[in-house]
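# Structure at a glance
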Amino acid sequence: MTSFSDSIQQKTDFSVEEICSLLETTGEGNTASLFSHACRVKNAHARRGVHFRGIIELSNICERDCLYCGIRRSNLDVTRFQMTKQQILDAAAWTHKAGYGSLVIQAGERRDAGFIDFIEEMLREIKKLSGGALGITLSLGEQSKDVYARWFEAGAHRYLLRIETSDPELYRQIHPPGYSFEERVACLGFLRETGYQVGTGVMIGLPGQTVAQLASDILFFKENDIDMIGMGPYIPHHSTPMFQKPLELSVDSRFKLGLNMIAVTRIVLRDVNIAATTALQALKSDGRELGLQAGANIIMPNVTSTEYRTGYQLYDNKPCMDENSEVCRDNLVAGIKNAGETVIYGQWGDSKHFCKRKGIESSHDSATVSQLSGHARRLEQC
Ligand code: SF4
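This write-up is about the structure you can find in this document. The structure displayed is predicted, hence computed values, not measured ones. (Residues numbered from 1 in each chain as written. Predicted model: local features only at pLDDT ≥ 70, side-chain atom pairs only at ≥ 80, totals over all residues. Heavy atoms only, no water.)

## Re unusual backbone geometry
Located in the positive-phi region is Glu-164, a residue other than glycine, with phi close to 70°. Position of Glu-164 among the secondary structure elements: in the loop between strand S4 (158-160) and helix H7 (168-173). On the basis of relative accessibility, which here comes to 9%, the residue Glu-164 falls in the buried class. Here the phi dihedral of Asp-225 falls at roughly 55°; this positive angle occurs in a residue that is not glycine. (Helix = DSSP H or I, 4+ residues; strand = E, 2+ residues; numbered from the N terminus. Buried < 20%, exposed > 50% of the residue type's maximum accessible area, 1.4 Å probe, protein only.)

## Remarks on the environment of Val-78
Within the secondary structure, Val-78 sits in the loop between strand S1 (50-59) and helix H4 (85-97). Distance in space between the C-alpha atoms of Val-78 and Asn-60 is 8.6 Å, their sequence separation being 18 residues. Residues in contact with Val-78, not counting those within four places in the same chain, are Asn-60, Gly-70 and Gly-311. (Contact = heavy atoms within 4.5 Å.)

## Re the packing of aromatic side chains
The tally for this structure, following the rule as stated, stands at 9 aromatic pairs. Judged by centre distance (4.9 Å) and plane angle (75°), the rings of Tyr-148 and Tyr-159 are edge-to-face. One end of the pair, Tyr-148, is in helix H6 (residues 145-154); the other, Tyr-159, is in strand S4, with 11 residues separating them in the sequence. Since its relative accessible area comes to 0%, Tyr-148 is described here as buried. Here the aromatic rings of Tyr-159 and Tyr-196 are separated by 5.6 Å at their centres, their planes lie at 80°, and the arrangement is edge-to-face. Of this pair, Tyr-159 sits in strand S4 while Tyr-196 sits in the loop between helix H8 (181-194) and strand S5 (197-200), placing them 37 residues apart in sequence. Accessibility assignment for this pair places Tyr-159 and Tyr-196 in one class, buried. Among the aromatic side chains, those forming a connected cluster through ring pairs are Phe-52, Trp-94, Tyr-100 and Tyr-345. (Phe/Tyr/Trp six-rings, centres within 6.5 Å; stacked < 30°, edge-to-face > 60°.)

## Looking at the side chain of Ser-239
With respect to the secondary-structure elements, Ser-239 resides in the loop between strand S7 (228-233) and helix H10 (251-269). One polar contact links Ser-239 to His-238, side chain to side chain, over a distance of 3.3 Å. (Polar contact = N/O pair within 3.5 Å; in protein donor to acceptor, adjacent residues only side chain to side chain.)

## Description of the pattern of salt bridges
All chains considered together, the criterion is met by 26 salt bridges. The shortest N-O distance in the salt bridge between Glu-193 and Lys-145 comes to 2.6 Å. Of the two residues, Glu-193 is situated in helix H8 and Lys-145 in helix H6; the sequence distance between them amounts to 48 residues. Its relative accessible area of 39% is what places Lys-145 among the partly exposed residues. One salt bridge connects Arg-172 with Glu-169, and the closest N-O pair in it is separated by 2.6 Å. On the criterion of helical spacing, the pair formed by Arg-172 and Glu-169 is a turn pair, its members being 3 residues apart in helix H7. Among the residues examined, Glu-169 registers a relative accessible area of 37% and is labelled partly exposed. Through salt bridges with shared partners, a single ionic network connects Arg-64, Glu-109, Arg-111, Glu-142 and Arg-184. (Salt bridge = Lys/Arg side-chain N within 4 Å of Asp/Glu carboxyl O.)

## Some words on the packing of helix H2 (residues 16-23) against helix H9 (residues 211-223)
The geometry of a pair of packed helices is captured by two quantities: the angle between their axes and the separation between those axes. Two numbers describe how H2 lies on H9: the axes approach to 9 Å, and their chain directions differ by 115°. Comparing their axes, H9 and H2 come out roughly perpendicular. In terms of crossing hand, the pair formed by H2 and H9 is right-handed. Contact residues: H2 offers Val-16, Ile-19, Cys-20 and Leu-23, while H9 offers Val-211, Ala-212, Leu-214, Ala-215, Ser-216, Ile-218 and Leu-219. Broken down by class, the residue content of the contact of H2 with H9 amounts to 10 nonpolar, 1 polar and no charged. (Axes fitted to C-alpha atoms, helices over the stretch in contact; angles between N-to-C directions. Parallel < 35°, antiparallel > 145°, perpendicular 65-115°, else oblique. Left-handed = near helix turned anticlockwise from the far one by under 90°. Nonpolar A, V, L, I, M, F, W, Y, C, P; charged D, E, K, R; others polar.)

## Some points on the state of the cysteines
Two cysteines joined by a covalent bond between their sulfur atoms form a disulfide. Inspection of every chain in the model, using the stated rule, returns 0 disulfides. Among the cysteines around Cys-187, which has no disulfide bond, Cys-66 carries the closest sulfur, lying 13 Å off. Of the residues examined, Cys-187 reaches a relative accessible area of 5% and is grouped as buried. (Disulfide = S-S within 2.5 Å.)

Note that all results are geometric; they support no functional claim without further evidence.
Below, the structure is given as structure tokens:
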């Protein structure tokens, strides 16, 4: 059985080889030992409890053509949609009333002025309707530094931009010609300079991907001072070029590797927020709860109107297609309770890593702060 001696528990610097060895943990006893160590690290260093971020997938219109994605521009089988302003505000109001504390706004990537203005307006409206209490994460792809700054000023304070893999050659293989790995990494820098809590993540079990590449992904998170991680097993979509590529790992192996990635990322990075993503649930019905038990502390329940759910499938067999926001919440809350975890309501649940790098040590995370200006409030949440 893998033994986590005192020296490993205190360890903060890991080599690629050491991370590979942890990622390759197999067997019930060894895996239980890995996960329980990851949870000890979580409880000692990260935000306690489980924080919900209600996710609004507001449009599946995308300018890009990533070779693995079900809503890529070239997939003509998809009926494109864009939620109206009122539909988005209704979803935000529901999220606020449910006490989730935070929203994630996600969509396909668009850089046109109309879309940029629309998001900016939505951010201001959502802040207004919640009296500033809802924290907002954006996941809207690569944008200019100026656009990131405009959205930050309008009220967003976290941004998730998945790198998908930190290996430039593998990145090239899963994207069309001309998609620049370096530009994507540069965007992570722009986000940090703007003041966001910066999130990224990778796919796990891609065709041709090695354990050493996944270990390097974890070191990439560390070297780039990442605050939040959202990653999950790779699941093919039938209408994409990558669907034809043979997979080396079975569904079960990709699922287990996904959990190991959460646990090892927790052990190496310690104080970041890590999401138990929907891709885990797509492979196993209680996948997100198992993700929490492996070291994750964030869950993003879908609050998008069910009429749009089928239009937003980045991969096949995405779960919760017909569960409305209430059913989705009730199922999750019951599963989380069964997993022995507690949902924290009414707080932003910001990444402790972010608070530390901003030099804020005290912790009085409360979404009831209403008298502060936007920037001050962002710090207050730490
Ligand atoms: S992964 Fe994102 S940017 Fe790429 S095609 Fe899909 S939605 Fe668009």
